[in-house]
Each structure stands twice: as C-alpha cells, then as structure tokens.
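Chain by chain, the residues run as shown.
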Amino acid sequence: KSLPPEVFHWLPWIGSAPGYGNDPVNFFFKCREKYGEVFTFILFGRKVTVALGPKGNNMILGGKVANLSAEDAYTHLTTPVFGKDVVYDVPNDVFMEQKKFVKVGLSTENFRAYVPMIEREVAEFVERDPSFRTYQMDDINEWGQFDAVKVLQEITILTASRTLQGKEVRENLDKTFSQLYNDLDGGFTPLNFLFPNLPLESYRKRDRAQKKMTEFYVNILKKRADGTSTNDETDMLAALQNQSYRSGRALPEHEIAHIMIALLMAGQHTSATTGAWAILRLAENPDVAEAMYQEQIKHFSNPDGSMRSPTYEEIKALPVLDSVIRETLRLHPPIHSIMRYVRSDLAVPATLAAPSKDSVYVVPKGYYVLACPAICQIDPLLWQNADKWDPARWNDQQGEAQKAFKQYVDENGEKVDYGFGAVSKGTESPYQPFGAGRHRCIGEQFAYIQLGTLLATIVRKIEMRLPTPFPANNYHTMITMPKEPRMISYRRRKF
Ligand code: HEM
C-alpha cells in the first residue's frame with residue numbers, strides 16, 4: 001500500500017494552486033494523463049487527493065460519514081455566512097434532519113403556485129428593465145444587447161425571493177436586503193475558502209451582514225407569529241415554522257433564519273449561472289431556441305394567436321426545454337469541485353476503472369478528497385461528441401441517449417449503458433451536476449422549475465443571437481461563470 005502519486009510542483013506550500021485555480025478541468029485532464037485517475041496535489045498546504053471517473057465519484061460521494069466529512073471541509077467557509085447551528089456547523093445527522101424540514105417546503109403544491117409567480121416576475125422584468133430598453137412597441141425590429149450574467153442574476157433573485165424566500169424578501173429587494181446579500185456574497189468566495197480569517201473589510205462586512213440578515217428573517221417570523229403579517233404563504237419560512245427535531249426539540253427561529261440564508265446562497269449563483277449559460281447557448285444556437293418556441297406554440301397557443309401560461313405539470317413535460325437544461329448542466333455544471341475531509345485512512349484502488357488487490361493507495365487521515373463530476377460529463381471516453389452542446393442527445397429515449405453514452409465497464413467487468421433517466425441516479429454515474437449520495441442537492445426540482453419557467457418565458461418574449469465567440473469558463477469565482485464578453489443580442493417577438 002502506498003500514497004497516491006503527488007502532482008509535481010515547484011513551490012512547496014502553494015503547490016498546484018495556480019494550475020488548479022485557473023482551470024481545474026484542464027489541470028485534472030492533464031494530471032490523469034500523467035498519473036492515472038487517482039493523484040494528490042498541494043493546495044496552499046493542504047493535500048488534496050483527486051479521484052476521477054464515475055468510480056471516483058462513487059468513492060467520494062458515496063463514502064461513509066465516519067471516513068469522509070463534508071462539514072470538516074466546508075464549515076470554515078459556510079458557517080460565517082449561513083450562521084451557527086445549521087448545515088456544516090452541526091453533525092451530519094442533524095443536517096440530514098434539517099434537509100428533511102426543507103423538503104416540506106419543496107412540495108408539489110408549492111411548485112404549482114410558483115410557476116405563475118416566476119412567469120410574472122420574468123415578464124415584468126423584461127418589460128421594465130433598462131437592459132431591455134429596446135423592448136417597446138415601436139422598436140419591434142430593433143436589436144438590443146444585454147449581459148447574460150447580470151440579467152440572469154437579477155431574474156434569479158427576483159424569482160427565488162418571490163417564491164421560496166417569501167414576499168417580505170421580495171418587497172425588500174430594492175432596499176436593505178440586496179445590500180446585505182451583496183455583503184454576504186462578498187464573503188463567499190474562493191479566498192474565504194482558502195483563508196478563513198483575514199483582516200479584510202470584506203470579512204467584517206460579511207459578519208455584520210450575517211447578523212443583520214438573521215434579524216431580518218427572525219423579524220418576519222415574529223410578525224407572522226403575532227398576526228401583524230399574513231401567514232398563509234407558500235414559501236419556505238411558512239414550511240419551516242413549527243417543525244421539530246425527532247428528539248422533540250422545536251426548530252428555533254435563529255436556525256430557521258440560518259437555513260433561509262443557506263438556501264439563498266446555495267441557490268442563487270448556481271441557478272443564475274446555469275440560466276446564463278443556457279441563454280448563451282440558445283443565442284449561439286437559434287435553431288434550438290426556435291424549437292423551444294415551437295414547442296410552446298404547440299402546447300400553449302390560444303385560438304387568437306396569443307399564448308396561455310403553462311402549469312407546473314406542463315413545464316415538467318416539455319422535452320425540448322428539459323433537454324436544454326440537462327445539456328447545459330452537462331457542459332456547464334456550476335460546481336466543479338466537491339470536497340470531503342478524510343477522517344480516517346482511506347484505501348483507494350489505484351486504477352479505479354479496473355481495480356486489483358495489488359494496487360491500492362492509502363489516502364491518510366488529514367488529507368482532503370475531491371470529486372469532479374464535471375470531468376466525467378465532458379469526458380470523450382464516456383460521451384460521443386463530448387464537447388458539443390447538443391440537447392437532442394437527451395430527447396430520443398429509444399436510441400440516441402443510449403448511443404450518446406459510450407459503454408462503461410463496472411467493477412465486475414460488465415458493460416453498463418447509462419440511458420435516459422438512469423444517469424442522475426446513484427453515486428456512480430457520469431452525469432452528476434447536482435452531486436450524489438447523502439449530500440445531494442435538495443434544490444434540484446426547484447432549480448428545474450425556476451429555470452424551466454424563466455427560459456420558457458424568455459424564449460416567448462425575445463429572439464436571441466450571440467454577437468461574439470462563445471465565452472470561456474471563468475474559474476476564479478466560486479461557481480464556474482462565463483467570461484466576458486457575454487453580451488446577447490436580442491429582439492422582441494411580434495405578438
Ligand atoms: C448540494 C448543485 C441549486 C441547495 C448541492 C451539490 C451540488 C449542487 C453539486 C452537492 C455538494 C456536495 O456534495 O458537496 C446545484 C446546482 C443547482 C443547485 C447545479 C442549480 C442549477 C440549488 C438550489 C438550492 C440548493 C436552488 C436551494 C433551494 C442545496 C443544498 C445542498 C446542495 C441545501 C446540500 C448540501 C449537503 O447536503 O451537503 N447542490 N445546486 N441547490 N444544494 Fe444545490
């Protein structure tokens with residue numbers, strides 16, 4: 001048994017930080033060529049062992065809590081932002097109970113109410129916002145431009161606050177809330193992950209904003225409790241109120257507030273960035289945008305030529321729309337690195353694809369392990385035309401989706417086909433934009449409804465083109481973003 005190979009580096013403590021930080025995907029592909037699927041690199045003094053491929057994902061995402069801990073890997077970043085006693089500030093079994101509380105709010109009944117709310121927010125935004133200033137009756141043939149990221153960030157927070165976060169948050173978006181959000185967000189960066197305590201103003205702002213944001217939510221709870229404000233909402237606050245742990249302990253107000261902040265931070269950049277990549281791809285591929293538009297005409301046309309609003313069930317059942325989101329998340333998953341802290345020595349087959357007893361690495365306690373589902377999702381060994389954005393690969397349930405995946409050999413030497421629908425289940429899969437296992441995303445369905453409704457509404461309102469080459473990835477932010485320029489040319493549709 002030996003340690004995994006260590007990636008060569010010149011600078012002892014800094015290690016491979018520049019290569020990893022600038023382009024982790026390219027860095028991992030290069031390392032795989034040299035060292036195989038399991039290797040260790042140095043990141044500012046930390047030893048990080050990467051395990052690639054579906055088997056690597058399985059090992060890390062399906063790992064036991066006793067061995068691999070997410071809280072030990074993330075708490076120094078997340079607790080100052082979310083607040084105490086939730087998520088990674090508590091043992092995993094407590095967080096699992098908190099995830100169950102949140103699931104109560106993510107109900108089909110609530111999602112049904114959300115679709116028209118999201119549609120209205122997006123439609124109003126497109127009509128009112130200066131980014132869409134050519135959006136006027138006389139300008140039907142005018143082309144204007146907007147920044148894909150800025151517009152999607154705004155639309156995402158507007159729609160998330162109107163639905164999940166609740167009307168009080170929505171009403172305060174133009175006021176105090178957005179400043180608090182910006183200050184908190186400024187403390188949720190790779191710098192904060194690498195260096196938990198620096199004497200910087202951004203860290204102080206983060207701490208002040210955390211306290212004020214908590215007070216903001218606690219005040220809403222109090223007003224709803226004493227009847228000053230209505231409490232018949234379909235939002236997450238209403239769902240979290242009056243819940244209790246299995247032990248009988250009631251979920252206290254400060255924990256509800258901190259869970260709300262966690263959901264805000266977990267959902268905002270992931271959804272906004274996915275939406276931005278999606279409209280950039282639609283602008284680059286007007287034929288796909290047209291297919292989405294035709295799909296809506298087919299399902300929602302009124303006899304007078306106008307279109308009616310879709311319902312939640314209908315949004316979920318639009319194959320072109322669904323495939324656009326799936327394919328965007330395949331090529332542009334917002335999260336590239338999933339980390340765990342190694343609590344006790346971990347044995348890892350040296351060659352994950354064909355393990356043998358003779359070649360086992362030991363990843364020692366105190367290391368970190370890192371899964372990168374993004375690698376599998378664009379790996380030419382696993383996908384046909386891996387780097388092509390091709391939503392159609394998801395549509396043909398009979399054949400194409402099967403063909404789009406190359407066959408993959410499991411540990412018993414059996415060939416496995418990852419067909420439609422099978423790919424996002426289980427911890428061993430080449431498609432995991434929402435992670436897998438006990439830490440899997442709970443926001444997936446909400447994100448699909450939010451993205452689905454907003455993309456459907458945007459495609460109804462405007463036609464889009466991409467005036468510049470497709471943007472490259474910016475990995476310097478927490479979430480993989482499109483680099484500038486990322487302007488979209490648009491023109492309003494005629495009706
Ligand atoms: C976890 C992706 C939207 C809440 C995760 C993880 C991934 C992910 C990859 C696993 C992290 C890990 O294993 O360390 C995404 C993507 C989204 C999205 C791609 C949108 C396109 C959302 C939204 C919410 C949310 C909208 C909230 C409403 C969470 C939570 C976790 C999580 C609470 C659990 C973390 C854990 O159990 O450790 N997400 N997410 N996400 N996400 Fe999301």
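Above this note sits the structure.
Analysis parameters
Residues numbered from 1 in each chain as written. Predicted model: local features only at pLDDT ≥ 70, side-chain atom pairs only at ≥ 80, totals over all residues. Heavy atoms only, no water. Helix = DSSP H or I, 4+ residues; strand = E, 2+ residues; numbered from the N terminus. Expected span 1.5 Å × (residues − 1). Buried < 20%, exposed > 50% of the residue type's maximum accessible area, 1.4 Å probe, protein only. Near = heavy atom within 4 Å. Polar contact = N/O pair within 3.5 Å; in protein donor to acceptor, adjacent residues only side chain to side chain. Nonpolar A, V, L, I, M, F, W, Y, C, P; charged D, E, K, R; others polar. 1 Å grid on protein atoms, 1.4 Å probe; cavity = no way out; pocket = protein on both sides within 12 Å on 5 of 7 lines; lining within 4 Å. Points joined across faces, edges and corners; volume = space filled by probe spheres on them. Donors = N, O, S within 2.8 Å, 3.2 Å for Na, K, Ca; no water. Contact = heavy atoms within 4.5 Å. Core = buried A, V, L, I, M, F, W, Y, C linked by side-chain atoms within 4.5 Å. Pairing = 2+ DSSP bridges. Axes fitted to C-alpha atoms, helices over the stretch in contact; angles between N-to-C directions. Phe/Tyr/Trp six-rings, centres within 6.5 Å; stacked < 30°, edge-to-face > 60°. Left-handed = near helix turned anticlockwise from the far one by under 90°. Salt bridge = Lys/Arg side-chain N within 4 Å of Asp/Glu carboxyl O. Parallel < 35°, antiparallel > 145°, perpendicular 65-115°, else oblique.

Q: Explain helix α11 (residues 201-225) here, please?
A: Because the α-helix completes a turn every 3.6 residues, residues three or four places apart line up on one side. Between its first and last C-alpha atoms α11 spans 36 Å; for 25 residues at 1.5 Å apiece the expected length is 36 Å, and the two agree. Every buried residue of α11 is listed here: Tyr-203, Arg-206, Ala-209, Gln-210, Met-213, Thr-214, Phe-216, Tyr-217, Val-218, Ile-220, Leu-221 and Arg-224. Gly-227 occupies a position one or two residues after α11 and carries a positive phi of about 85°.

Q: Where do I start with the site of the ligand in this structure?
A: The local shell around the ligand holds 26 residues, among which Tyr-88, Lys-99, Arg-340, His-439 and Cys-441 are the closest. Tyr-88 has a polar side-chain atom sitting 2.5 Å from an oxygen atom of the ligand. In this structure, Lys-99 approaches the ligand through a side-chain N or O atom, which is 2.6 Å from an oxygen atom. For the shell around the ligand, the elements supplying multiple residues, two or more each, are α5 (92-105), α13 (253-284), β5 (338-342) and α19 (444-461). The biggest single contributor to the shell around the ligand is α13, with six residues. Across the shell around the ligand, the residue classes break down as 16 nonpolar, seven polar and three charged.

Q: Is there a simple way to explain empty space enclosed by the protein in this structure?
A: It is a probe the size of a water molecule, rolled over the atoms, that shows where empty space is left. In total, this model carries one cavity of 30 Å³ or more according to the counting rule given. One number sums up the size of the largest cavity: a volume of about 60 Å³. In terms of lining, the largest cavity is formed by Ile-60, Leu-61, Gly-63, Lys-64, Val-65, Leu-68, Ala-70, Arg-340, Arg-438 and His-439. Counted by class, the lining of the largest cavity contains five nonpolar, two polar and three charged residues.

Q: Would you take a moment to explain the coordination of the iron atom of the ligand for this structure?
A: In a perfect tetrahedron of four donors around a metal, the angles come out at 109.5 degrees. In a perfect octahedron of six, they are 90 or 180 degrees. The protein supplies the iron atom of the ligand with one donor atom, Cys-441 (SG), which lies at 2.3 Å. Positionally, Cys-441 belongs in the loop between β10 (415-416) and α19.

Q: What's the story with the side chain of Glu-119 in this structure? I'm lost.
A: Looking at the element boundaries, Glu-119 is found in helix α6 (residues 108-128). According to the relative accessible area criterion, Glu-119 is buried, its value standing at 13%. Apart from the residues within four sequence positions on either side, Glu-119 is in contact with Ser-309, Pro-310, Thr-453, Thr-457 and Arg-460.

Q: Even after reading the chapter, I still don't get the nonpolar core, so can you show me in this structure?
A: Generally speaking, soluble globular proteins have nonpolar side chains that are buried together. Counting residues in hydrophobic clusters, the biggest one holds 148 residues, and the most contacted among them are Phe-28, Phe-41, Tyr-217, Leu-282 and Met-464. Per element, the largest residue contribution to this core is 16 residues, and it comes from α13. In contact with Phe-28, not counting residues within four places along its chain, are Tyr-20, Phe-39, Phe-41, Val-50, Leu-52, Leu-370, Cys-372 and Ile-375.

Q: Is there a simple way to explain the sheet that holds strand β4 (residues 144-147) in this structure?
A: Adjacent strands of a sheet form backbone hydrogen bonds with each other and so pair up, either parallel or antiparallel. Ordered by their spatial adjacency, three strands build an open sheet running β4-β14-β11, and the pairing between neighbours is antiparallel. Looking along the sheet, the strands with just one partner apiece sit at the ends: β4 and β11 (462-465). The sheet shows a mean angle of 40° between the axes of neighbouring strands, direction not considered. Helix-sheet contacts for α19 involve β11 and β14 (487-492), and the interaxial angle to β11 is about 90°.

Q: I tried to follow the packing of aromatic side chains on my own but got confused; where do I start?
A: The geometry of two aromatic rings is summed up by the distance between their centres and the angle between their planes. This model, assessed by the stated rule, comprises 28 aromatic pairs. A ring pair is formed by Tyr-341 and Tyr-368, whose centres lie 5.3 Å apart and whose planes are at 70°; its orientation type is edge-to-face. Taken together, the residues span a long stretch of sequence, with Tyr-341 in strand β5 and Tyr-368 in strand β8 (residues 368-371) at a distance of 27 residues. The exposure class assigned to Tyr-341 is partly exposed, which follows from its relative accessible area of 23%.

Q: I tried to follow the packing of α11 against α13 on my own but got confused; where do I start?
A: Geometry of a packed helix pair, given as the angle between the helix axes and the separation of the axes. Running from amino to carboxyl end, α11 crosses α13 at an angle of 115°, the nearest separation of the two axes being 9 Å. By crossing handedness, the relation of α11 to α13 is classed as right-handed. Packed against α11, whose contacting residues are Gln-210, Met-213, Thr-214, Tyr-217, Val-218, Leu-221 and Lys-222, the element α13 presents Glu-253, His-254, Ile-256, Ala-257, His-258, Met-260, Ile-261 and Leu-264 at the interface. By residue class, the composition of the contact of α11 with α13 is nine nonpolar, four polar and two charged.

Q: I tried to follow the sheet that holds β8 on my own but got confused; where do I start?
A: The mixed open sheet is built from five strands, whose spatial order is β1-β2-β8-β5-β3. The sheet is open, and its two borders are formed by β1 (38-43) and β3 (68-69), each paired with just one other strand. Sheet topology places β3 next to β5; two bridges connect them, and they run antiparallel. Note that in β5 the partner of Ser-69 across the bridge is Tyr-341. Contacts between helix α2 (residues 24-35) and the sheet are confined to β1, β2 (46-51) and β8, with β1 contributing the most and set at about 130° to the helix. Sheet contacts for helix α4 (residues 70-82): β2, β3, β5 and β8; angle to β5, the most-contacted strand, approximately 115°.

Q: In this structure, what is going on with the pattern of salt bridges? I would like to understand it.
A: A side chain with one charge can pair with a side chain of the opposite charge if their charged atoms come near. On inspection of all chains with the given rule, the structure shows 29 salt bridges. Arg-224 serves as the salt-bridge partner of Asp-235, at 2.7 Å between the closest nitrogen and oxygen. In this pair, Asp-235 sits in the loop between α11 and α12 (236-240) while Arg-224 sits in helix α11, placing the two residues eleven residues apart along the sequence. According to the relative accessible area criterion, Asp-235 is buried, its value standing at 1%. For Arg-224, a relative accessible area of 3% corresponds to the buried category. Between Glu-484 and Arg-486 there is a salt bridge, with its nearest N and O atoms 3.5 Å apart.

Q: Teacher, can you tell me more about the packing of α13 against helix α14 (residues 286-300) here?
A: Direction vectors running N to C along α13 and α14 enclose 105°, while the axes themselves pass 5 Å from each other. On the basis of the axis angle, α13 is roughly perpendicular to α14. Side by side, α13 and α14 meet where Leu-282, Ala-283 and Glu-284 of the first sit next to Pro-286, Val-288, Ala-289 and Met-292 of the second. Taken together, the residues of the contact of α13 with α14 sort by class into six nonpolar, no polar and one charged.

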